[in-house]
Amino acid sequence: MIQRHWEEICNKNGHNNPVKGSGFMRLAILGDIHGNLPALQQVLQDIQKEQVDAVYCTGDLVGYGPEPNEVLDLLRDVGVQSVMGNHDDAAGYNLPVCGCAYPDEVMKGIGEKSLAWTKEKVNKVNREFLRGLPEQMEVLLPSSTAMVFHGSPRAINEYIHRDTDEEILQELVEGTEASIFLFGHTHIPFVRTYKDRLFVNAGSVGQPKDGDNRSCYVLLECHPGGISIVFKRVPYDFQAVAARVIQAGLPPELAEILRKGYPL
């Protein structure tokens, strides 16, 4: 049911042009799933109730979590369109590092162990799928254009924060007519306006880091009066996933991040 509804709409007018007409459009934006299958399942169930026109993902489908193949299989089954995250890039192309800006050597070591585990587990079909993800997508809205990417429009591992310098934001918006930028990478949801551009970080489905261990995604609604952004929080059994992390042989610190909802 989910697959038929989303794919029919997403393919109606082209790959990245869900619906245009009355001025109304409702999109779901999710990302940073990080191999957390139960979190993704709960979010998709919640999205189905919202009757959205299309679903887009800001990347980092794998990494840190214990079920990368299952996550990728489900995303393909339901027809979610995704861009490539830095973890997807590293796992798909067998890179030695993911390009994350870890705060210290301890967290760097945890990240490297997680990446090595993920590269070993991702099967051939899913590795090819990860390699085929685009680094960014444009989505035509009724009265504007949105750009979907993982880190920034110029690099999948560049961070855009709530307090990023305006000089950097100016560099990022140059050369594009997009008025809405949809992304992730920091695992912290926020909305920020710069001049006439809107920056929306969708937060994280599989590894929130803003102190709330529930999954997070965004509902974006276009209507004649403008744009509405709503952050949805969805509970899931994070304790069960934390147990799976340990059982899978991943660093136990990753389980603690899921429990707390913020980095160690």
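Values in this document were obtained by computation on a predicted structure and should not be read as measured data.

### Describing the sheet that holds strand S8 (residues 197-201)
- One open sheet holds the five strands; their spatial order is S4-S5-S6-S8-S7, and the pairing between them is mixed. Each of the sheet's edge strands pairs with one partner strand only, and the pair in question is strand S4 (136-140) and strand S7 (190-194). Averaged over all adjacent pairs, the angle separating strand axes in this sheet is 20°, with direction ignored.
- The sheet contact formed by strand S6 (residues 180-183) and S8 spans four bridges and is parallel.

### Considerations on empty space enclosed by the protein
- Using the criterion set out here, one finds one cavity of 30 Å³ or more in the structure.
- The calculated volume of the largest cavity comes to roughly 50 Å³.
- Lining the largest cavity, in full, are His 34, Asn 36, Tyr 64, Gly 65, Pro 66, Gly 206, Gln 207, Val 245, Leu 254 and Leu 258.
- Of the residues assigned to the lining of the largest cavity, the class counts are five nonpolar, five polar and no charged.

### Observations concerning the nonpolar core
- In this structure, Leu 30, Ile 33, Leu 40, Ile 47, Leu 61, Leu 130 and Tyr 217 are the most contacted members of the largest nonpolar core, which totals 48 residues.
- Per element, the largest residue contribution to this core is six residues, and it comes from helix H2 (residues 37-50).
- Among the nonpolar cores identified, the runner-up in size contains 19 residues, and Met 25, Leu 141, Val 148 and Leu 220 belong to it.

Conventions adopted
Throughout, residues of each chain are indexed from 1 in the direction in which the sequence is written. Where local features are concerned, this predicted model is filtered to residues with pLDDT of at least 70; where side-chain atom pairs are given and counted, the filter is 80 or more; whole-chain, interface and lining totals use all residues. Calculated side-chain values reflect all of the structure's heavy atoms, with hydrogen atoms and water omitted. In this analysis, strands are considered paired if DSSP registers two or more bridges between them. Under the scheme used here, helices are H or I runs from DSSP no shorter than 4 residues and strands are E runs no shorter than 2 residues, and both carry numbers assigned from the N terminus. The angle between two axes is taken between their N-to-C directions and runs from 0 to 180 degrees, where each axis is a line fitted to C-alpha atoms and a helix contributes only its stretch in contact. Definitions used for this entry: grid spacing 1 Å over protein atoms alone; cavity, a set of points where a 1.4 Å probe fits but cannot get out; pocket, an open set with protein on both sides within 12 Å along at least 5 of 7 lines; lining residue, one with an atom within 4 Å of a point. Grid points are joined across faces, edges and corners, and a volume is the space filled by probe spheres set on the points. Each residue gets one label: Ala, Val, Leu, Ile, Met, Phe, Trp, Tyr, Cys and Pro are nonpolar, Asp, Glu, Lys and Arg are charged, and the others, such as Gly, are polar. Note on terminology: a nonpolar core comprises buried Ala, Val, Leu, Ile, Met, Phe, Trp, Tyr and Cys residues joined through side-chain atoms within 4.5 Å. Only protein chains enter the accessibility calculation, which uses a 1.4 Å probe. A residue is then buried if its area is under 20% of the maximum for its type, exposed if over 50%, and partly exposed in between.

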